Amino acid sequence: MARRALITGITGQDGSYLAEHLLEQGYEVWGLARGQANPRVSRMRKLLADVQVVRGDLLDQGSLISAVERVQPDEVYNLGAISFVPMSWEQAELTAEVTGMGVLRMLEAIRVCSGVSRGGSASGQIRFYQASSSEMFGQVSETPQNERTAFHPRSPYGVAKAYGHFLTQNYRESYGMFAVSGILFNHESPRRGAEFVTRKVSLGVARIKLGLADELRLGNLEARRDWGFAGDYVKAMHLMLQAATPEDYVIGTGRMKSVRELVEAAFSAAGLDWEQYVVTDQTLHRPAEVDLLCADPKKARAQLGWEPKVSFDELVAMMVEADLRLLRDGGDLHDDSSWP
């Protein structure tokens, strides 16, 4: 009988890549979707026709219990969140409810449906993956960052993710649940939302190349991040839930690039000189900036055998080429069925 997985955030970048990977592994894949008429679900089904949908909402405990009872999953991947960091200042309370409290509600749904009590055993339980974030490190105390590095989040998003991360550890230690967190560093793809800086850059370059724009406005060009390909990172999520014991892992490439280097690589991929088109805009800076994030993925490499496959330059070129095709074909930036 095929193993069964339930994914929250199924219509997002990570959810789509994870669903594809699990389907390739022979899983029966279910996606949690909010609302009765979610247009993202119908678009997602064009890409992932074999994914089944169950209704549920990270804001509603009862709906999550009902979803888990219906699906009876072997594995739950909690990828659902308000994940655009700048928005978390504008919608701090909602970010806390979805990105933070949503983790509690899903853990409780699994605990209730599994009949888990304090001091239980992880054997035979539903296995739970929480999408933690490098934004939890924030104002970093050491570089690179590993599983033992202290958290100092610098946004409501980072704070909410830290809450979910510690709660996952707490349920593992309190109830013996097989519950793990993947502390993923920045992972991108042509499926990234247009509001994120990597996609903003690749779309901006494509528009300029095609004569649809003459400038690209960006904030802090000196911020440095560890960027990798989302399609590689979802494989690490799966590996964490196949391990013999539940543990948390840092996932990243171990190499930092600045936003400036991202811009240079993107314009170079299109045969353009970035300095002719990029305008820095102070209004696009964060209220509290995170200057640098860089992963130390040694544990994942040693214990999971995980390695990123796509290089930074390959990733940037992939995104620019995909957006050039999208715009040439008159694609809709909000239509997930146009994802590669």
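Look up: the structure comes first, before these words.
Residue numbers here run from 1 along each chain, matching the order of that chain's written sequence. Two thresholds apply to this predicted model, a pLDDT of at least 70 for residue-level local features and 80 or more for giving and counting side-chain atom pairs, whereas whole-chain, interface and lining totals are computed over all residues. Side-chain measures were taken over the full set of non-hydrogen atoms in the model, leaving aside hydrogen atoms and water.

Some points on the overall build of the chain
Counting from the N terminus, the helices are DSSP H or I runs at least four residues long and the strands are E runs at least two residues long. Secondary structure assignment for the chain yields 11 helices and 13 strands. Categorising residues by exposure relies on relative accessible area from a 1.4 Å probe, with only protein chains included: less than 20% of the type maximum marks a residue as buried, more than 50% marks it as exposed, and the intermediate range marks it as partly exposed. Looking at the chain as a whole, 54% of its 340 residues qualify as buried. Long-range contacts, defined as pairs at least 24 residues apart, comprise 78% of the intrachain contacts of the chain with a sequence gap of at least 6. Residue contacts follow a heavy-atom distance rule, with two residues in contact if any of their heavy atoms lie within 4.5 Å.

Quick word on the packing of aromatic side chains
Where two aromatic rings form a pair, the distance of their centres and the angle of their planes describe that pair. Only Phe, Tyr and Trp rings are paired, with Trp represented by its six-membered ring, and only when their centres lie within 6.5 Å; those with planes under 30 degrees apart are stacked, over 60 edge-to-face, the remainder tilted. In this structure the tally under the stated criterion is 9 aromatic pairs. Ring centres of Tyr17 and Phe229 lie 5.5 Å apart, and the angle between their planes is 75°; on these two criteria the pair is classed as edge-to-face. Here Tyr17 is found in helix H1 (residues 13-24), whereas its partner Phe229 is found in strand E10 (residues 228-229), with 212 residues between them in sequence. Pairing Tyr171 with Tyr175 gives two aromatic rings, centres 5.0 Å apart and planes at 50°, and the pair type is tilted. Of this pair, Tyr171 and Tyr175 both sit in helix H6 (residues 156-175), 4 residues apart, which is roughly one turn of the helix.

Brief notes about helix H11 (residues 312-328)
Here the expected span of a helix is defined as 1.5 Å times the quantity of residues minus one. Over its 17 residues, H11 extends 24 Å from the first C-alpha to the last, a length consistent with the 24 Å expected when each residue adds 1.5 Å. Every buried residue of H11 is listed here: Phe312, Leu315, Val316, Ala317, Met319, Val320, Ala322, Asp323, Leu324, Leu326 and Leu327. As for H11, its buried residues are in contact with strand E7 (187-188), helix H7 (197-209), E10, strand E12 (257-258) and helix H9 (259-269). Positive phi shows up at Gly330, right after H11, with a value of about 70°.

Regarding the side chain of Ser132
Relative to the helices and strands, Ser132 is located in strand E5 (residues 127-133). In this structure Ser132 comes out as buried when scored by relative accessible area, which is 5%. At a separation of 2.9 Å, a polar atom in the side chain of Ser132 contacts the side chain of His165. When neighbours within four sequence positions are excluded, Ser132 is seen to be in contact with Lys161, His165, Ser181, Gly182, Ile183 and Leu184. N or O atoms within 3.5 Å of each other form a polar contact, as long as, within protein, one can give a hydrogen and the other can take it, and as long as residues adjacent in sequence are counted only when both atoms are side-chain atoms.

Comments concerning the nonpolar core
Buried Ala, Val, Leu, Ile, Met, Phe, Trp, Tyr and Cys residues form a nonpolar core when they are joined through side-chain atoms within 4.5 Å. Membership of the largest hydrophobic core comes to 34 residues, with the highest contact counts inside it found for Ile7, Tyr77, Tyr129 and Ile251. At the level of elements, strand E1 (4-8), H1, E5, strand E6 (179-184), helix H8 (230-242), strand E11 (249-251), helix H10 (298-304) and H11 are the ones that each hand at least two residues to this core. If you tally residues by element for this core, the top one is H8, at 7 residues. With residues near it in sequence (within four places) discarded, Tyr77 still touches Ala5, Leu6, Ile7, Thr8, Leu18, Leu22, Tyr129, Met237, His238, Leu241 and Gln242.

Brief notes about the packing of helix H3 (residues 61-71) against helix H5 (residues 92-114)
The description of two packed helices rests on the angle between their axes and on the distance between the axes. For the pair H3 and H5, the least separation of the axes is 9 Å and the interaxial angle reads 45°. One element, H3, and the other, H5, form an angle in the oblique class. Here H3 and H5 pass one another in a crossing that is right-handed. Residues Gln61, Leu64, Ile65, Val68 and Glu69 of H3 form the contact with H5, whose own contacting residues are Arg105, Met106, Glu108, Ala109 and Cys113. In this analysis, axes come from line fits to C-alpha atoms, helices being fitted only over the stretch in contact, and the angle between any two N-to-C directions falls in the range 0 to 180 degrees. Each angle receives one of four descriptions, namely roughly parallel if under 35 degrees, roughly antiparallel if over 145, roughly perpendicular if within 65 to 115, and oblique otherwise. Should the near helix be turned counterclockwise from the far one by less than a right angle, the crossing is left-handed, whereas a clockwise turn marks it as right-handed.

Some words on the packing of H1 against H8
Two numbers describe how H1 lies on H8: the axes approach to 9 Å, and their chain directions differ by 65°. When the axes of H1 and H8 are compared, the crossing they make is right-handed. Within the contact between the two elements, H1 uses Gln13, Asp14, Tyr17, Leu18, His21 and Leu22 and H8 uses Ala230, Gly231, Val234, Lys235, Met237 and His238. Residue classes in the contact of H1 with H8 are distributed as 6 nonpolar, 4 polar and 2 charged. Amino acids are sorted into nonpolar (Ala, Val, Leu, Ile, Met, Phe, Trp, Tyr, Cys and Pro), charged (Asp, Glu, Lys and Arg) and polar (every other residue, Gly among them).

Some remarks on a negative patch on the surface
Here a patch means residues that are over 30% exposed by relative accessible area and free of salt bridges, tied together within 9 Å if like-charged and within 5 Å if nonpolar (Val, Leu, Ile, Met, Phe, Trp, Tyr). Accessibility throughout is a Shrake-Rupley quantity obtained with a 1.4 Å probe, and a residue counts as covered only by protein chains that appear here. In what follows, salt bridge is the name for a side-chain nitrogen of Lys or Arg lying within 4 Å of a carboxyl oxygen of Asp or Glu. Residues scored as positive are Lys and Arg, those scored as negative are Asp and Glu, and His as well as the terminal groups of each chain are ignored. To locate a charge, take NZ of a lysine, CZ of an arginine, CG of an aspartate or CD of a glutamate. Together, Glu261, Glu264, Asp273 and Glu275 line one region of the surface with negative charge. Following the sequence through the fold, Asp273 ends up in the loop between H9 and strand E13 (278-280). Since its relative accessible area comes to 35%, Asp273 is described here as partly exposed.

It is worth stressing that arrangement in space is one thing and function is another; only the former is reported here.
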